[in-house]
Amino acid sequence: MKKIIQIIVIGLWAGFSIPLANAVEIRDFSNPQQQERYENLIQKLRCLVCQNQSLGDSDADLARDLRNEVYGRIQSGESEEETIRFLTDRYGDFVLYDPPMKGITVLLWAGPLLLFLCGGFLALRHLRSHRVNSSHPPLDPEEKNRLETLRNQLRQDSPD
């Protein structure tokens, strides 16, 4: 029985740990500056499939292809700016984690603030309209007498 439990535990451990292992890409650079530029670029650029990971962190096929593209451009002597320009021309500003402030990207930068302000405005408007609608006109003398009679009856009926 002990052997069966050990086999099951080892099987489960192996089954969960194998998918977590990442393939390591070995890149050869002619100098450390190229490797530093490469590492910097793959952290600045977003995986277009995962969208929440950098190229360096993603295991997607497209991310691997883009890492190969960046590697080839660095090896050919292109600067970071030229490589970024090539990728943004091809894939748009979305490939950058930190998109530049342009007319088309203003919504990306101001969108969360606009949504927050619109939500606050709508909430205030709702609260104000609810407060106005919940106010009741004053009771006339007949209604006051009836209310007082009901209160007195409740006091008399309630056991203290």
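Further up the page is the structure itself.
Predicted model only: the values in this text are computed from it and were never measured.

The rules behind each value
Residues numbered from 1 in each chain as written. Predicted model: local features only at pLDDT ≥ 70, side-chain atom pairs only at ≥ 80, totals over all residues. Heavy atoms only, no water. Helix = DSSP H or I, 4+ residues; strand = E, 2+ residues; numbered from the N terminus. Expected span 1.5 Å × (residues − 1). Buried < 20%, exposed > 50% of the residue type's maximum accessible area, 1.4 Å probe, protein only. Arc of directions from axis to C-beta. Contact = heavy atoms within 4.5 Å. Phe/Tyr/Trp six-rings, centres within 6.5 Å; stacked < 30°, edge-to-face > 60°. Patch = residues over 30% accessible without salt bridge, like charges linked within 9 Å, V, L, I, M, F, W, Y side chains within 5 Å. Areas by Shrake-Rupley, 256 points an atom, 1.4 Å probe, with all protein chains shown as cover. Salt bridge = Lys/Arg side-chain N within 4 Å of Asp/Glu carboxyl O.

Draft legend 1. Region of the structure containing helix α4 (residues 80-91). Taking 1.5 Å as the rise per residue, α4 with 12 residues should run 16 Å; its terminal C-alpha atoms sit 16 Å apart, in good agreement. Among the residues of α4, Glu 80, Thr 83, Ile 84, Leu 87 and Thr 88 are the ones counted as buried. The arc that holds every buried residue of α4, seen down its axis, measures 130°, which confines them to one face. Projecting away from the buried face of α4 at angles above 90 degrees are the exposed residues Glu 81, Asp 89 and Arg 90. On its buried face, α4 sits against α2 (32-44) and α3 (61-75). One or two positions beyond α4, positive phi appears at Gly 92, with a value near 90°.

Draft legend 2. Expanded view of α3. End to end, α3 covers 21 Å across 15 residues, agreeing with the expected 21 Å (1.5 Å per residue, within 8%). Among all positions of α3, only Ala 63, Leu 66, Arg 67, Val 70, Tyr 71, Arg 73 and Ile 74 are buried. Along the axis of α3, the buried positions cluster into a sector of 165°, meaning they face one direction only. The inward-facing, buried residues of α3 contact α2 and α4. Immediately beyond the C-terminal end of α3, within one or two residues, lies Gly 77, with a positive phi of roughly 100°.

Draft legend 3. Highlighting the packing of aromatic side chains. Counted by the stated rule, this structure contains 3 aromatic pairs. Ring plane angle 75° and centroid distance 5.2 Å describe the contact between Phe 29 and Tyr 71, whose orientation is recorded as edge-to-face. Taken as a pair, Phe 29 in the loop between α1 (2-17) and α2 and Tyr 71 in helix α3 lie far apart in primary sequence, 42 residues in all. In this structure Phe 29 comes out as buried when scored by relative accessible area, which is 17%. Ring centres of Tyr 38 and Tyr 71 lie 6.2 Å apart, and the angle between their planes is 85°; this geometry places the pair in the edge-to-face category. One end of the pair, Tyr 38, is in helix α2; the other, Tyr 71, is in helix α3, and 33 residues separate them in sequence. Side by side, Tyr 38 and Tyr 71 carry an identical accessibility label, which is buried. Put simply, the rings of Phe 29, Tyr 38 and Tyr 71 pair up and form one aromatic cluster.

Draft legend 4. Quick look at a nonpolar patch on the surface. Together, Met 1, Ile 4, Ile 5, Ile 8 and Val 9 line one region of the surface with nonpolar side chains, adding up to about 530 Å² of accessible area. Given a relative accessible area of 45%, Ile 5 falls into the partly exposed group.

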